[in-house]
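Below, each chain spelled out in residue letters.
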Number of protein chains: 2
Amino acid sequence: MAIDTKERILDVAERLFADFGYNATSLRDITREAGVNLASVNYHFGSKEALLAALLERRFAGINERRLTQLDRAEAAAGPDGPGLEEIVRAFLAPPFEMRSEWGSSGQKFLRLVGRIHSETDEIRQVFIQLFQPCLSRFKAALQRALPDVGPDEVEWRAHFLVGAMAHTMTWCDSFQSRDQDAMLESLVRFGAAGMATPSGSPVEVHAPARLSR
Amino acid sequence: MAIDTKERILDVAERLFADFGYNATSLRDITREAGVNLASVNYHFGSKEALLAALLERRFAGINERRLTQLDRAEAAAGPDGPGLEEIVRAFLAPPFEMRSEWGSSGQKFLRLVGRIHSETDEIRQVFIQLFQPCLSRFKAALQRALPDVGPDEVEWRAHFLVGAMAHTMTWCDSFQSRDQDAMLESLVRFGAAGMATPSGSPVEVHAPARLSR
DNA sequence: GTCTATATGCGGATAGAC
DNA sequence: GTCTATCCGCATATAGAC
């Protein structure tokens, strides 16, 4: 039953890391709850940090593949100027939240874990960044193409803001009072696209524009 | 030299909590680096968690006061419709970053600590939320007033997105390649205001609008 | 207020029997 | 592959001398 043991460890670790954080979760907590022996974590994974890495790789590869697939599709369907901002932002944000629905409660937990990892210390984030950075780079390039009048530094910053809004939502969306998760994703996409789209040098203050445009 | 001891503990704890996280920082780390005795933390503060609370209260009260003052000023200067979105967002975002400049490197560290706290586990966040929630509520009301056509749930979500972008920026802005911190704040304000301002029901996809408006 | 010494328990990791 | 038992160090917190 070795395979079951590995899977059980991964499932339980995912949930506990998500709910209580990586540092605050001990291998004893994980193995007790999974009903396996304490030593099995080091036997199967080598260390606590390697367990985290295995856990992230198990799900994250699929998410980033889907992100890139959706971006490819948007670029193929777009004209010579490339896809619109909202399409790019949606291709980036939708996959983790789609997966959350598809994978049920463990997808939910994984999402929270990923959200928390964004503000973990560098050492712990290292594994994560290796999985995330290549995908993020392609999206930054797509965003830059869609925003030819915005400088590279500014695009970089806005990408950080977008990632921050996403990470915070991943961490806490279970706690928001919301019945419709699809609507929340759509709100996030629109928020992010609108933020990205701001003209960089415009001196004019926008006064409650929602009032004028609906 | 009791007062000096307390201050030294607070200063060092602020820095270490910011850089390595609350859980990963031990009282031994703090007292060793501060050059004080291990037992002095419990003597002066009672516990590690109470130390965190004292640390947050020391700086956070001033930040929230300044936020509310700036909001008051904007409301006093505004017409009957209240201040514009960008003014509200700026009143919320500017004070922590202003303080960062005023308080030097310890302000920088404190900012990162606050950023990290946003994704800490509920237990640790409790103290922080008590300090943050009253201020946040007033801002939500101001935002709702500036966005009369957007439903309360939607305003709530957007406020979460804004907080997420802010927290992520607080945590990592030291690592961004940026010479001008004022420019970064201004970018964040514009990003947040534009995101908040999105018309909620508009079916039209925005296609690279920055290209059209500059 | 500050110190040393210590209580008490949990942490990750491993050795070696089965 | 799984188990028990254990190494060894660090954690928070406190008691009690100075």
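Since the structure is predicted, the reported quantities are computational estimates derived from the model, not experimental observations. (Residues numbered from 1 in each chain as written. Chains lettered and ligands numbered in written order. Predicted model: local features only at pLDDT ≥ 70, side-chain atom pairs only at ≥ 80, totals over all residues. Heavy atoms only, no water.)

## So, the overall build of chain A
Okay, step 1: From N to C terminus, chain A includes 10 helices and zero strands.
Okay, step 2: In sequence order, the secondary structure elements of chain A are arranged as α-α-α-α-α-α-α-α-α-α.
Okay, step 3: Overall, chain A is about 60 × 35 × 30 Å in size when its C-alpha atoms are taken along their principal axes.
Okay, step 4: When each of the 214 residues of chain A is scored for burial, the buried share is 53%.
Okay, step 5: Of the contacts formed within chain A by residues at least 6 apart in sequence, a portion of 74% connects residues at least 24 apart.
Okay, step 6: Counting only carbon and sulfur atoms, one obtains 52% of the accessible surface of chain A, whose full area is about 9,300 Å². (Helix = DSSP H or I, 4+ residues; strand = E, 2+ residues; numbered from the N terminus. Buried < 20%, exposed > 50% of the residue type's maximum accessible area, 1.4 Å probe, protein only. Contact = heavy atoms within 4.5 Å. Areas by Shrake-Rupley, 256 points an atom, 1.4 Å probe, with all protein chains shown as cover.)

## Describing the interface of chain A and chain B
Okay, step 1: Tallying the contact residues gives 64 residues for chain A and 64 residues for chain B.
Okay, step 2: Both faces combined, the contact of chain A with chain B buries some 5,500 Å², and carbon together with sulfur accounts for 57% of it.
Okay, step 3: Put simply, chain A and chain B have zero salt bridges between them.
Okay, step 4: Viewed at the interface, chain B and chain A are joined by 13 residue pairs in polar contact (both at pLDDT 80 or more).
Okay, step 5: Contributions of two or more residues to the side of chain A that touches chain B are made by α1 (2-20), α5 (85-102), α7 (122-146), α8 (152-172), α9 (181-197) and α10 (210-213) of chain A.
Okay, step 6: Ranked by residues supplied to the side of chain A that touches chain B, first place goes to α8(A) with 13 residues.
Okay, step 7: The residue makeup of the side of chain A that touches chain B, split by class, is 26 nonpolar, 20 polar and 18 charged. (Buried area = accessible area lost by both parts, 1.4 Å probe. Salt bridge = Lys/Arg side-chain N within 4 Å of Asp/Glu carboxyl O. Polar contact = N/O pair within 3.5 Å; in protein donor to acceptor, adjacent residues only side chain to side chain. Nonpolar A, V, L, I, M, F, W, Y, C, P; charged D, E, K, R; others polar.)

## What to know about the nonpolar core
Okay, step 1: Within the largest apolar cluster, 134 residues are counted, with the highest numbers of intra-cluster contacts made by A:L51 and B:L51.
Okay, step 2: For B:L51, the contacting residues outside a window of four places in its chain are B:I9, B:L10, B:A13, B:F17, B:L27, B:I30, B:V41 and B:F45. (Core = buried A, V, L, I, M, F, W, Y, C linked by side-chain atoms within 4.5 Å.)

## Focus: α8(A)
Okay, step 1: Compared with the 30 Å implied by 1.5 Å per residue over 21 residues, the 30 Å span of α8(A) between its first and last C-alpha is a close match.
Okay, step 2: α8(A) sits mainly inside the fold: 18 of its 21 residues count as buried. (Expected span 1.5 Å × (residues − 1).)

## A look at the packing of helix α4 (residues 48-77) of chain B against helix α7 (residues 122-146) of chain B
All names here are of chain B.
Okay, step 1: Two elements in contact, α4 and α7, have axes whose closest approach is 9 Å; the angle formed by their N-to-C orientations is 10 degrees. Judged by the angle between their axes, α4 and α7 are roughly parallel. Where α4 abuts α7, its residues E49, L52, A53, L56, E57, F60, N64, R67, L68, L71, D72 and E75 lie against E123, I124, V127, F128, L131, F132, C135, R138, F139, A142 and R145.
Okay, step 2: Residues belonging to the contact of α4 with α7 are distributed by class as follows: 14 nonpolar, one polar and eight charged. (Axes fitted to C-alpha atoms, helices over the stretch in contact; angles between N-to-C directions. Parallel < 35°, antiparallel > 145°, perpendicular 65-115°, else oblique.)

## Focus: the packing of aromatic side chains
Okay, step 1: As enumerated under the stated definition, the model contains 17 aromatic pairs over all chains in all.
Okay, step 2: Ring geometry for B:F92 versus B:F132: centroids 6.1 Å apart, planes at 40 degrees, classification tilted. Here B:F132 lies in helix α7 and B:F92 lies in helix α5 (residues 85-102), a separation of 40 residues in the sequence.
Okay, step 3: Joined through ring pairs, the aromatic side chains of A:F60, A:F92, A:F110, A:F128, A:F132 and A:F139 make up one cluster.
Okay, step 4: Between A:R67 and the ring centre of A:F92, over which it is positioned, the NZ or CZ distance is 4.3 Å.
Okay, step 5: Here the basic side chain of B:R59 rests over the ring of B:F110, its NZ or CZ set 6.0 Å away from the ring centre. (Phe/Tyr/Trp six-rings, centres within 6.5 Å; stacked < 30°, edge-to-face > 60°. Lys NZ or Arg CZ within 6 Å of the ring centre and 35° of its normal.)

## Side note on the relation of the copies chain A and chain B
Okay, step 1: Superposition record for chain A on chain B: RMSD 0.0 Å, screw rotation 180 degrees, translation along axis 0.0 Å. The operation mapping one copy onto its partner corresponds to a two-fold rotation axis.
Okay, step 2: By residue overlap, the copies meet face to face through one surface: 100% of the interface positions of chain A are interface positions in chain B. (Least-squares fit on C-alpha atoms with pLDDT ≥ 70 in both.)

## A word on the pattern of salt bridges
Okay, step 1: All told, the structure shown has 38 salt bridges over all chains when counted by the stated rule.
Okay, step 2: A salt bridge links A:R90 to A:E186; the nearest nitrogen and oxygen atoms lie 2.5 Å apart. Pair noted here: A:R90 is in helix α5 and A:E186 is in helix α9, with a separation of 96 residues, a long-range link.
Okay, step 3: Classification of A:R90 as partly exposed rests on a relative accessible area of 25%.
Okay, step 4: The class of A:E186 is partly exposed, set by a relative accessible area of 29%.
Okay, step 5: A salt bridge links B:R66 to B:E102; the shortest N-O distance between them is 3.0 Å. Taken together, the residues span a long stretch of sequence, with B:R66 in helix α4 and B:E102 in helix α5 at a distance of 36 residues.
Okay, step 6: You can call B:R66 partly exposed: its relative accessible area is 30%.
Okay, step 7: The network of salt bridges with common partners includes A:E7, A:D11, A:E14, A:R58 and A:R59.

## Notes on the confidence of the model for chain A
Okay, step 1: Averaged over all residues, the pLDDT of chain A equals 91, while 93% of them reach at least 70.
Okay, step 2: Throughout residues 203-214 of chain A the model reports pLDDT below 50, and contacts reaching past four residues in sequence, or to other chains, amount to 23 contacts. (pLDDT = per-residue confidence, 0-100.)

## Considering empty space enclosed by the protein
Okay, step 1: Counted by the stated rule, this structure contains six cavities of 30 Å³ or more.
Okay, step 2: Its boundaries defined by the atoms lining it, the largest cavity holds a volume of some 210 Å³.
Okay, step 3: Lining the largest cavity are 17 residues, with A:N23, A:S119, A:E120, B:N23 and B:E120 sitting closest to its centre.
Okay, step 4: By residue class, the composition of the lining of the largest cavity is five nonpolar, eight polar and four charged.
Okay, step 5: Estimated volume of the second largest cavity: approximately 120 Å³.
Okay, step 6: Residue lining of the second largest cavity: 14 residues in total, with A:S119, A:A167, B:S119, B:A167 and B:H168 positioned closest to the centre. (1 Å grid on protein atoms, 1.4 Å probe; cavity = no way out; pocket = protein on both sides within 12 Å on 5 of 7 lines; lining within 4 Å. Points joined across faces, edges and corners; volume = space filled by probe spheres on them.)

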